[in-house]
Amino acid sequence: MPEIPVIQEREDVIARMMDDLQRALKKPPSERRWGMVIDLTKCTGCDSCTVACKSEHKTPPGVNYNVVIKEEIGTYPNVRDVFLPRPCMQCENPPCVDVCPVSATYKNEEGIVVIDYDVCIGCRYCITACPYGARSFDFGEWYTIDTPEVAPYETAPTFEYSEERVREDGKSPIGNVRKCNFCIERLHEGLLPACITTCVGRARYFGDLNDPDSLVSELLRQKHAFRLKEELGTEPKVYYLT
Amino acid sequence: MNSKKGWSIVYWAVVVALLAVGVVGWYWRLTVGHQMANYGSIIPWGLWVAMYIYFIGLSAGAFLISSLVYVFGVERFRPMARLSLFTALVALLMALLQIWVDLGHMERFYEVYTRPHFYSMMAWMVWLYTTYFVLLLVEMWFVTRRDLVRWSRKPGLSGTLSRILALGSKDESDASARRDEQKVRVLGALGVALAIAFHGGVGALFAVDKSRPMWHTGLYPLMFLLAALVSGGGLLLAIYAFLAPDRGTEAHKSLVESLSKLVLGLVLLYILFTWADFSIVWYGKIPADVEPIKIILFGKYWYVFWLGEVLLGMLVPVVLLSLKATRQSPLWAGLAGASIVVAFIAVRLNIVIPPLAVPELQGLADAAPAFRMSTNYLPSMMEWFVTLGIVGFGAALYALGYGLLPVRPNMSEKEV
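Just so it is clear, the structure is predicted and the values come from calculations on it, not from any experiment.

Asker: How should I be thinking about the sheet that holds strand S9 (residues 225-226) of chain A in this particular structure?
Answerer: Hydrogen bonds between backbone groups are what pair the strands of a sheet, and the pairing can be parallel or antiparallel. Residue and element names in this part refer to chain A. In space, the four strands of this open sheet follow the order S8-S1-S10-S9, with mixed pairing throughout. Only two strands of the sheet have a single partner each, and these edge strands are strand S8 (204-208) and S9. The pairing of strand S1 (residues 34-39) with strand S10 (residues 238-241) spans four bridges and is parallel. Across the sheet, Met36 pairs through a bridge with Val238, a residue of S10. Along the sheet, helix H1 (residues 13-26) contacts S1 and S8; its crossing angle with S8, the most-contacted strand, is approximately 20°. Running at roughly 115° to S8, helix H8 (residues 215-222) makes contact with S1, S8, S9 and S10 of the sheet.

Asker: Looking at this structure, how should I read unusual backbone geometry?
Answerer: In the segment running from Tyr76(A) into Pro77(A), the intervening peptide bond is cis, with an omega of 5°. Residue Pro173(A) is reached from Ser172(A) by a cis peptide bond, and omega for that bond is 10°. Along the chain, the position of Pro173(A) falls in the loop between helix H5 (152-155) and strand S7 (177-178). A positive phi angle, near 70°, is found at Arg124(A), a position not held by glycine. By secondary structure assignment, the location of Arg124(A) is in the loop between strand S5 (113-115) and helix H4 (125-129). The exposure class of Arg124(A) is buried, given its relative accessible area of 0%. Phi angles above zero are rare outside glycine, and Leu167(B) is one such case at about 55°. As for its placement among the helices and strands, Leu167(B) is situated in the loop between helix H6 (156-165) and helix H7 (174-207). Judged by its relative accessible area of 65%, Leu167(B) falls in the exposed class.

Asker: Even after reading the chapter, I still don't get the nonpolar core, so can you show me in this structure?
Answerer: Where a protein is soluble and globular, its nonpolar side chains tend to be buried together. Membership of the largest hydrophobic core comes to 197 residues, with the highest contact counts inside it found for Trp45(B) and Phe206(B). The biggest single contributor to this core is helix H2 (residues 47-70) of chain B, with 18 residues. In this structure Phe206(B) touches Tyr125(A), Trp45(B), Val49(B), Ile53(B), Trp215(B), Tyr220(B), Phe224(B) and Val352(B), once residues within four positions along its chain are discounted.

What counts, and where the lines are drawn
- Residues numbered from 1 in each chain as written.
- Chains lettered and ligands numbered in written order.
- Predicted model: local features only at pLDDT ≥ 70, side-chain atom pairs only at ≥ 80, totals over all residues.
- Heavy atoms only, no water.
- Pairing = 2+ DSSP bridges.
- Helix = DSSP H or I, 4+ residues; strand = E, 2+ residues; numbered from the N terminus.
- Contact = heavy atoms within 4.5 Å.
- Axes fitted to C-alpha atoms, helices over the stretch in contact; angles between N-to-C directions.
- Buried < 20%, exposed > 50% of the residue type's maximum accessible area, 1.4 Å probe, protein only.
- Core = buried A, V, L, I, M, F, W, Y, C linked by side-chain atoms within 4.5 Å.

It is worth stressing that arrangement in space is one thing and function is another; only the former is reported here.
Here's what the structure looks like:
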């Protein structure tokens with residue numbers, strides 16, 4: 001019988017990134033620089049990141065923090081599908097923050113663009129200003145509204161920004177603009193963003209860009225990376241590998 | 001006299017109908033909220049934002065035209081000046097109502113005052129139009145003060161209202177009127193600066209948006225100012241041609257003709273600006289830049305541009321105001337003005353909506369299909385009702401002011 005080759009023990013990327021995360025959390029917040037790296041060659045377009053994000057934040061219909069943009073290149077039968085997952089880019093120079101009339105959205109000391117739901121007036125200027133379409137308005141809709149009962153998974157509390165909130169008519173976040181916040185509430189508990197943990201193809205990586213030993217820093221040194229709409233000077237902290 | 005009464009009944013019937021529809025719209029908006037609106041997260045601004053810049057443009061335009069008299073001493077337009085100022089005030093109130101109802105949290109509007117972010121053009125806009133609002137009230141008071149004192153003696157509601165609004169002033173002397181006029185000149189000059197700043201600022205609100213190529217042009221603040229003058233001028237032309245008490249006199253005819261020439265010049269300039277804006281972008285062939293223009297010219301709602309902007313906003317007024325026969329007829333000149341007033345609704349819709357209908361990333365709208373991720377937008381019934389209600393509110397306020405307060409054309413503040 002032929003000998004079965006021993007598969008080399010490989011380090012699990014999730015474990016590695018969680019170690020990176022612990023290291024970053026020991027630093028003062030202002031020295032962290034959270035970033036995401038998405039390997040487009042590994043993305044299968046399964047949308048599990050979108051789904052994980054939805055169940056994490058219980059976002060209503062039409063409110064999407066993460067989407068996977070799909071494009072078919074070529075003509076049948078010579079075609080190829082390309083996928084582009086799109087979370088919030090967490091720009092260094094976020095145009096959405098510039099335009100907010102009441103400073104409800106701002107870049108926090110960890111470099112994450114956050115929204116103060118209790119301040120946002122819902123003018124939606126930031127939606128028009130985001131070059132990546134990363135922001136949505138919460139119209140107060142429910143997936144299961146036309147069924148006998150709104151499903152419990154829609155009305156359960158969420159913990160965005162580490163605040164316990166139940167979505168109710170007339171109360172924030174209904175009437176607010178919402179977006180991906182790199183799962184900041186999870187980060188502070190030592191957990192990776194939901195889209196990272198769930199990614200089936202292990203195409204998404206997360207960590208501290210200021211830490212040269214983090215997996216994300218290592219990947220950006222080794223591979224060819226690009227960012228979306230560099231020409232706008234927004235300096236996204238989401239990188240794509242090709 | 002009888003036909004006048006007939007028209008007045010028709011007017012109030014329309015106003016009451018608009019207000020009734022408006023009550024339904026506002027009830028829906030305040031109880032159900034934004035769910036009944038048709039805008040979404042791809043096209044986050046719709047009819048209400050378009051109508052807001054429409055009303056605010058009418059206000060700025062009417063104000064700038066009143067300042068021709070009060071600041072720049074163009075006596076030709078004196079009979080119109082006071083009514084222009086009043087028009088500016090009513091249009092501003094309509095604009096503020098319209099943008100307030102658009103907020104996701106209407107109860108938090110005060111935050112723009114308590115925690116303004118001065119890097120945001122929207123915060124500037126709110127601060128500037130608040131100042132403009134106060135200035136309009138003060139200027140309006142000085143312009144009408146002496147007549148308010150005189151009207152205080154009138155019997156009935158008009159007298160009572162005038163007495164209240166005179167704020168205790170009793171001086172009817174020519175000297176006091178001269179003092180008023182000096183104050184009005186200073187206020188008007190400040191107002192011109194303010195009107196340019198805040199309406200240019202509304203243009204800048206769009207122009208600074210670098211993720212929307214069609215808005216992101218230095219032409220926008222200037223085009224907004226010009227659009228204000230065209231639409232405000234058209235409105236005043238229509239109002240003066242149809243409503244002035246001295247209709248049928250030579251003086252009326254000749255002022256209508258002067259206004260017509262002014263408006264014609266402004267319309268021609270606006271055509272030039274529109275051409276400059278569209279043609280330069282078209283030449284560049286950059287897809288993201290050209291796409292909104294393609295939507296405007298050949299999209300599903302092509303008629304908003306071709307019938308609204310081009311036919312009603314350009315061809316009709318240019319023809320009617322160029323030909324001597326029609327320009328000299330208050331009826332035709334007034335219709336040209338009315339045509340512009342309607343056309344600028346189309347202009348404002350096309351400024352706001354098509355540039356938003358092109359998602360920032362290709363394929364974004366299809367990535368997670370949902371009603372709120374649509375690239376197609378048509379206002380919902382609730383949106384229309386709310387706006388019609390605001391139009392009714394403005395029309396009621398206008399008629400009441402016109403009937404009860406000294407704001408009519410040919411009021412004689414120049415009797416000194």
